[in-house]
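Residues per chain are reported as follows:
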Amino acid sequence: MEILRVEDITFRYPGARSDALSDVSFSLDEGEFAVLCGGTGCGKTTLLKLIKRELSPFGERRGEIYYGGVPVGLLDCRIAVGGIGYVTQDPDDGIVTDRVWHELSFGLENLGVPSDEIRRRVGEAASYFGLERCFNSRTDELSGGLKQLLCLASVTVMRPRLLLLDEPTAQLDPIASSEFTAFLSRLSRELGITVIAAEHRLGDILPVADRVILMGGGNVVFNGPPRDLGNLRGAEDLSVYGALPAASRIARALGDYDALPLTVREGREFLESRFAPEAAAEEPPYVPPGAPAVEAKGVSFRYGKNDPDVLSDLSMTVYGGEFFAVLGGNGAGKTTLLGVISGLLNAYSGKIKINGKNIREYRGASLNRTVALLPQDPSTVFVGGTVREDLCDMLTSRGIGKDEALSRAEEAARRFGISDLLDRHPYDTSGGERQKCALAKLLLGTPSVILLDEPTKGLDAASKAELAKTVRGLTAGGAAVIAVTHDVEFAAEHADRCALLFAGGIVSTDTPRRFFSENSFYTTAANRIARGIFPGEVTCAGVIARCRAAEAGK
Amino acid sequence: MGDIARFHPFPLFCWFAAVISVSVFVPNPVIGVTSLLGGGCLLFVCRRGRLRARTALSYVLLFALVTLTNPVFSHGGKTPLFFVNGTPVTLESAAYGAGLAVGIVSVLLLCACWSEVMSDEKFMYLFGRAAPKLSVILSAAQRMIPRFLRRMRTVNGAVSALGARTSQSFSDRAAQSMKVFYAMTAWSAENSIETASAMKARGYGLCGRTSFSPVRFRAKDGVLLALTLALTAVTFTGVGTGALGFEYYPEITGIPSSPLALAVYVSFGVLSFLPCFFRVGGVLKWKYCVSRI
Amino acid sequence: MKVKKYVSFAVMLVIIPAVVIGGALIFRERQSAWISLAVAALSCVPVVILYEKKETDARELVLIAAMTALSVVGRVLFAPLPGFKPVTAFVVITAMYFGGEAGFLTGALTALISNFTFGQGPWTPFQMAVWGLTGLLAGVLSSPLRRSRALLLIYGALSGVAFSLIMDIWTVLWADGYLNFPRYAAAVLSSLPFTAVYAVSNVAFLLLLARPIGKILDRVKTKYGIGAAGKK
């Protein structure tokens, strides 16, 4: 049975020059699991918000959306609220109340459900979602993954028939993100709830989805089962292509267009059926591109006297002109490591040298003029009312005159392609734009060591590529860039060296090819697919190149 | 906390309201001492025997301060102890000071117990139904506070790591803190809008809102409530008929000992120790059960 | 719905006076202290009822919660400096932008929530009432306060002084059962440094916060089209 029909929806924000959505039409049957994808600004969020009546943005709108055969605008308000559930990107924004039980019951209270029935439904939901243990906890004490699960649970408890999710895993680490996706597919399978999830990263979600709706420039470009994506031509633009699972990317690049492989297993079968195993290519030994920029020796750190060590006896060397990626699980101490290098946290033993000088010898702010840190949430670096104000603030705090600061800020904005954002409030920008603004601000201080905390979090493929370009530019200028990240694909593609942080210390450091091909769990999907066939290949591009070479050799 | 905090908020609230109002508003020495002992005992039970020496010392100091300074403010009373600069320091005013000090310390003790037992959650339960909007604001504010504190630390770290500060001087640090605070305010205003749309998306503002709480009223709560109400009624009757009247000025009167007064002492005594009795009873029952297993 | 209405009327007209008079009859020896406490606690009731009845947008509600949270955070952060707290500034700013009732709620709830940390006591209702009334009055005066910065600062200073004076009245009523003037004078004198710091901090925080926070609230109000509650 059809539950949702979107008919020729065209939408334009007030004052905008072009339509955010133009003639979007599709329909979904009850119980379907659909993935909505496309680059930033393709209208995904606008579409989802138009379906959820309470969140509909103001603007010019044509066309109609039907929920269960009734136009959304004419729905009874209780059906509109309870029947269509909405989960936002940042779980922190979605949580309203201070206790888990209250968060779960909040929607039911609003609907006027009697107290006894709320008790039963909340209890049921808490045990289904595994939230019993934290039922009486404060919402603020939960981990990010649990918070998002709570958001999902507190919407599901209202018994929706249609769930809308706007990039629900963008703020989660890979493990929490795949758990969340698994939960979502369980909801659709076991409860028959129809799901539309907007996503950037398709690796986890595509194999469980029934349908992919691909948007580009406000239109639906593709609408069909995931495996049919192979038939889609002319969509080699990065926003979609870069988001596909590794198996699909490899298969597509080789021109195989029917029954696209989606999982690692399918990818392996695909390669095995076509190519014979080869020997690993020789890789020259690594030559550091510059002098040591960051040297840490025996560094140990803990937050309190009686707390366990977060970093213990950590040693590493990062060279100028190098992009160094530190990988590690949740709570491995990645952010702490950056805090210690940037001097925000003080190690209780060990020595850290920046450009050959011990960080204890840097006086005042001089250390942070050399080492700059981009935090996980780039919006934390903004303190001004507009981007321009923020960029100027960075320069004037260094004693540069107002006029010069203004011209230098504008010049930097041109370089980063954010000139048209200068007069906006930093919070009125998208995730990718915000990061660019933050980086622009950071780099106005001309640091020689740049620390990035989870720089790819929440970014789409195109923004990731731009970030990589910026980083390349920095290392070419001789700066050392250290990124701590969960994103193994990004590290494999772009880093000069990768390191694994485990139990407070660096346990292995090597070039991405050697680093990942020796790991079996902590490695890229491309490497898992190509293992034993093209050993040593860790990126999709690498695997594709070997495939092409093998084909040419035949 | 243990068992006492697990009572239903309503009987607990009634108990605190009765005991605190009697100790605040009835200046009778027997009542004062009873509630002092009851409050101290309850705090001891609530904190499971962990009463810090510093806290205890501060109560003693407060006691001494109030007792000793009272003669400075009031010179009434018939029995001068000695004269300072020609003004008499009387026995009555010293006694009044001691009585006042007993009252103040016992109220402080009871309030400390209140803080241990009546969590914000219980408070919400009591007043949330009557004022749904207020309780939403209260709950949302409680949710935001730890989030804001964390955000403030993060922003401060981020700004410091940019080398925004020119020196470690106080004025520079204050200027940075101010900047951070503005940034956090802007961020929180922005996030409020997001939270509000999350509320609307989940139907906030529909008419006929109900109110849910996981708290349940058990038989034990009924017993506490009934006992509290009965004992309070006896106490209030005694207080209201003036059976507990006690005067310091101009001369200390005898402690009232009419039958009604004695009945009030007993019932207020039981009332003051009521939660402690429940706690002790619970412990004994547990021990008895365990020994039988 | 009708039943609810009658209940709230009953609360207003019957229960409140009954509690005040009944208490005054029972606690004869501390009548004035009882009445002052009851009045302080119950002064919150009509404002709350009025606000509950008013049509309010969810966004305004959450913004009030945010202002309350900010002022609690401010009080917690400045706790090491006695008397130095930004509460009044936040209360007055909220009242100026969202109306008197909103200011009242911010003030009263700040007292209530922060005392979960600092310790509840008989002083809580007084703090709630005084900070609440500071906000209510600021809401009434919102247009002159928004126009004149000097007036705003004077208002801040005066409300700081009033806060101390009223708290001292309660102390004396409790201790003596009547307004014992020497004790009141002593209480006012001994809390003079506190009062001075508090008044100065009110002025300082209003000076520092009023404009930037006003700008932020204006921005949010225009960006999301929240009703011009400040006019009321």
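Peer 1: Hey, could you run me through the overall build of chain A in this one?
Peer 2: Along the backbone of chain A there are 20 helices and 20 strands. Computed over the C-alpha atoms, the radius of gyration of chain A is 25 Å, within 12% of the 24 Å expected from 2.2 N^0.38 for a compact globule of 554 residues. Across its three principal directions, the C-alpha atoms of chain A cover 70 × 65 × 50 Å. A buried classification covers 57% of the 554 residues belonging to chain A. Long-range pairs, those at least 24 residues apart, make up 68% of the contacts in chain A between residues at least 6 apart in sequence. Taken as a whole, chain A presents about 22,000 Å² of accessible surface, with 50% of it coming from carbon and sulfur.

Peer 1: What should I look at first to understand the confidence of the model for chain C in this one?
Peer 2: Predicted coordinates in regions of low pLDDT should not be interpreted in detail. Residue and element names in this part refer to chain C. When pLDDT is averaged along chain C, the result is 84, and 92% of the positions lie at 70 or above. Model confidence for chain C, summarised as mean pLDDT per element, is weakest for helix α1 (residues 2-26) at 72 and strongest for helix α5 (residues 87-98) at 93. Counted against residues more than four places away or in other chains, residues 228-232, with its pLDDT under 50, gives 13 contacts.

Peer 1: What should I look at first to understand the interface of chain C and chain B in this one?
Peer 2: Frequently, the measure chosen for interface size is the accessible area removed from exposure when the parts meet. Chain C puts 58 residues into the contact, and the matching count from chain B is 61 residues. Surface buried jointly by chain C and chain B totals about 5,100 Å² across both partners, of which 77% is contributed by carbon and sulfur atoms. Seen at the junction of chain C and chain B, the total is two salt bridges. K200(B) is the salt-bridge partner of D57(C), the closest N and O atoms lying 4.0 Å from each other. Here chain C is connected to chain B by eight residue pairs in polar contact (both at pLDDT 80 or more). Put simply, the parts of the chain that give the side of chain C that touches chain B at least two residues each are α1, α2 (31-42), α3 (44-53), α4 (58-77), α6 (100-118), α9 (149-176), α10 (181-190) and α11 (192-224) of chain C. Sort the elements by how many residues they give to the side of chain C that touches chain B and α4(C) lands first, with 14 residues.

Peer 1: How should I be thinking about helix α13 (residues 387-396) of chain A in this particular structure?
Peer 2: Think of an α-helix as turning once every 3.6 residues; residues three or four places apart then point the same way. Of all the ten residues making up α13(A), seven are buried; the element is thus mostly covered by neighbouring parts of the structure. Burial in α13(A) covers these residues: V387(A), D390(A), L391(A), C392(A), D393(A), M394(A) and L395(A). The secondary structure elements touched by the buried residues of α13(A) are α14 (402-416) and α15 (431-444) of chain A together with α8 (170-201) of chain B.

Peer 1: Could you clarify how one ought to interpret the domain arrangement of chain C in this entry?
Peer 2: Residue and element names in this part refer to chain C. Split by domain assignment, chain C resolves into domain 1 (1-42) and domain 2 (55-231). Of note, the centres of domain 1 and domain 2, computed from C-alpha atoms alone, are 25 Å apart. In this assembly, eight residues from domain 1 lie in contact with eleven residues from domain 2. Summed over both sides, the interface between domain 1 and domain 2 buries roughly 680 Å², with carbon and sulfur atoms accounting for 68% of that surface. There are zero salt bridges connecting domain 1 and domain 2. Across the side of domain 1 that touches domain 2, the residue classes tally to four nonpolar, two polar and two charged.

Peer 1: Could you clarify how one ought to interpret the interface of chain A and chain B in this entry?
Peer 2: In this complex, chain A contributes 62 residues to the contact, which on the side of chain B involves 51 residues. Summed over both sides, the interface of chain A with chain B buries roughly 4,800 Å², with 54% coming from carbon and sulfur. Broken down residue by residue, the surface that chain A buries against chain B is led by D93(A), N110(A) and R119(A), which jointly contribute 13%. Linking chain A to chain B there are eleven salt bridges. Residue R99(A) is joined to E121(B) by a salt bridge in which the shortest nitrogen-to-oxygen separation is 3.7 Å. At the boundary of chain A with chain B, the tally comes to 24 residue pairs in polar contact (both at pLDDT 80 or more). At ten residues, the largest contribution of residues to the side of chain A that touches chain B is made by helix α4 (residues 100-111) of chain A. Of the residues in the side of chain A that touches chain B, the class split is 26 nonpolar, 17 polar and 19 charged.

Peer 1: What exactly am I supposed to notice about the sheet that holds strand β20 (residues 505-510) of chain A here?
Peer 2: Hydrogen bonding along the main chain pairs the strands of a sheet, whether they run parallel or antiparallel. Residue and element names in this part refer to chain A. Spatially, β16-β17-β18-β13-β19-β20 is the arrangement adopted by the six strands of the open sheet, whose pairing is mixed. The strands lining the two open edges of the sheet, one partner per strand, are β16 (371-374) and β20. Across the sheet, the mean angle from the axis of one strand to that of its neighbour is 20°, orientation sign disregarded. Bridge analysis of β16 against strand β17 (residues 449-453) gives four bridges, and the strand direction is parallel. Each residue of the ladder has a partner; that of L374, found in β17, is L452.

Peer 1: Just checking my understanding: could you explain unusual backbone geometry for this structure?
Peer 2: In the Ramachandran plot, N355(A) falls in the positive-phi region, its phi being about 50° despite a non-glycine side chain. Looking at the secondary structure, you find N355(A) in the loop between β14 (349-354) and β15 (357-358).

Peer 1: Whenever I open this one, the sheet that holds strand β11 (residues 292-301) of chain A confuses me. Can you help?
Peer 2: All names here are of chain A. Across the sheet, which stays open at both edges, the four strands sit in the order β12-β11-β14-β15 with antiparallel pairing between neighbours. Single-partner strands in this sheet number two, and they are β12 (311-319) and β15. Relative to β14, β11 runs antiparallel, the two being bridged by five bridges. Within the sheet, the bridge partner assigned to A296 lies in β14 and is I352. Strands β11, β12 and β14 of the sheet are contacted by helix α11 (residues 334-341), whose axis makes an angle of about 65° with β12.

Peer 1: Would you mind going over the side chain of E167(A) with me for this structure?
Peer 2: Residues and elements named next belong to chain A. Residue position: E167 is located in the loop between β7 (162-166) and α7 (174-191). Given a relative accessible area of 8%, E167 falls into the buried group. At 3.1 Å, the side chain of E167 forms a polar contact with the side chain of Q89. Ignoring any residue separated from it by four or fewer positions in sequence, one finds E167 in contact with K44, Q89, A198, E199 and H200.

Peer 1: Teacher, can you tell me more about the environment of R268(A) here?
Peer 2: Residue and element names in this part refer to chain A. Residue placement: R268 occurs in helix α10 (residues 264-272). For R268 and E489, which are 221 residues apart along the polypeptide, the C-alpha to C-alpha distance reads 18 Å. Contact partners of R268, with chain neighbours within four places excluded, come to R528, I529, R531 and I533. Looking at R268, its side chain comes within polar contact range of the main-chain oxygen of R528, at 2.8 Å. Polar contacts involving the side chain of R268 include one to the main-chain carbonyl oxygen of I529, which spans 3.4 Å.

Peer 1: Help me out: how do you make sense of the packing of α6(C) against helix α7 (residues 123-140) of chain C in this one?
Peer 2: Each pair of packed helices can be described by the angle between their axes along with the distance between the axes. All names here are of chain C. Put simply, α6 and α7 touch, their axes get as near as 7 Å, and they point 155° apart. It follows that α6 is roughly antiparallel to α7 by the angle criterion. In the crossing of α6 with α7, the sense of the turn from one axis to the other is right-handed. Residues G100, E101, G103, F104, G107, A108, A111, L112 and N115 of α6 form the contact with α7, whose own contacting residues are W123, T124, Q127, M128, W131, G132, L133, G135, L136 and G139.

Peer 1: Can you help me understand a nonpolar patch on the surface in this one?
Peer 2: All names here are of chain B. A cluster of nonpolar residues, L81, F82, V84, L91 and I252, forms a patch on the protein surface that exposes about 430 Å² of accessible area. In terms of residue count, strand β1 (residues 80-84) provides more of the nonpolar patch than any other element does, three residues in total. Overall, V84 belongs to the partly exposed group, its relative accessible area being 43%.

Peer 1: Could you clarify how one ought to interpret the packing of aromatic side chains in this entry?
Peer 2: Given two aromatic rings, their pairing is described by the distance between the two centres and the angle made by the two planes. Inspection of the entire model under this criterion finds 27 aromatic pairs over all chains. Of the aromatic side chains, those joined through ring pairs into one cluster are F13(B), W15(B), F16(B) and W114(B). The ring of Y362(A) carries the charged tip of K357(A) above its face, separated from the ring centre by 4.5 Å. One Lys or Arg, R146(C), reaches over the ring of Y97(C) and ends 4.2 Å from the middle of that ring.

Peer 1: What's the story with the pairing of strand β6 (residues 84-87) of chain A in this structure? I'm lost.
Peer 2: Along a regular strand, successive side chains alternate from one face of the sheet to the other. All names here are of chain A. Residue alternation in β6 divides its side chains into two sets, I84 and Y86 and G85 and V87, and both sets are buried. As judged from the four bridges shared by β6 and β7, these two strands associate in the parallel manner. Considered in β7, the bridge of Y86 is made with L164.

Peer 1: Where do I start with the nonpolar core in this structure?
Peer 2: If you look at the biggest cluster of nonpolar residues, it comprises 149 residues, and the most contacted ones within it are F16(B), F148(B), I93(C) and L209(C). No other element matches helix α5 (residues 91-117) of chain B, which puts 13 residues into this core. Those residues in contact with I93(C) that lie beyond four places of it in its chain are M67(C), L206(C), L209(C), A210(C), I213(C) and L217(C). V35(A), V155(A), L172(A) and L244(A) belong to the second-largest nonpolar core, a separate cluster that totals 75 residues.

Peer 1: Teacher, can you tell me more about the side chain of K441(A) here?
Peer 2: Residues and elements named next belong to chain A. Looking at the secondary structure, you find K441 in helix α15. With relative accessibility at 3%, the residue K441 sits in the buried group. Reaching out from K441, the side chain makes a polar contact with the side chain of D390 at a distance of 2.6 Å.

Scoring rules and cut-offs
Residues numbered from 1 in each chain as written. Chains lettered and ligands numbered in written order. Predicted model: local features only at pLDDT ≥ 70, side-chain atom pairs only at ≥ 80, totals over all residues. Heavy atoms only, no water. Helix = DSSP H or I, 4+ residues; strand = E, 2+ residues; numbered from the N terminus. Rg over C-alpha atoms; globule rule 2.2 N^0.38 Å. Buried < 20%, exposed > 50% of the residue type's maximum accessible area, 1.4 Å probe, protein only. Contact = heavy atoms within 4.5 Å. Areas by Shrake-Rupley, 256 points an atom, 1.4 Å probe, with all protein chains shown as cover. pLDDT = per-residue confidence, 0-100. Buried area = accessible area lost by both parts, 1.4 Å probe. Salt bridge = Lys/Arg side-chain N within 4 Å of Asp/Glu carboxyl O. Polar contact = N/O pair within 3.5 Å; in protein donor to acceptor, adjacent residues only side chain to side chain. Domains from an automatic or database assignment. Nonpolar A, V, L, I, M, F, W, Y, C, P; charged D, E, K, R; others polar. Pairing = 2+ DSSP bridges. Axes fitted to C-alpha atoms, helices over the stretch in contact; angles between N-to-C directions. Parallel < 35°, antiparallel > 145°, perpendicular 65-115°, else oblique. Left-handed = near helix turned anticlockwise from the far one by under 90°. Patch = residues over 30% accessible without salt bridge, like charges linked within 9 Å, V, L, I, M, F, W, Y side chains within 5 Å. Phe/Tyr/Trp six-rings, centres within 6.5 Å; stacked < 30°, edge-to-face > 60°. Lys NZ or Arg CZ within 6 Å of the ring centre and 35° of its normal. Core = buried A, V, L, I, M, F, W, Y, C linked by side-chain atoms within 4.5 Å.

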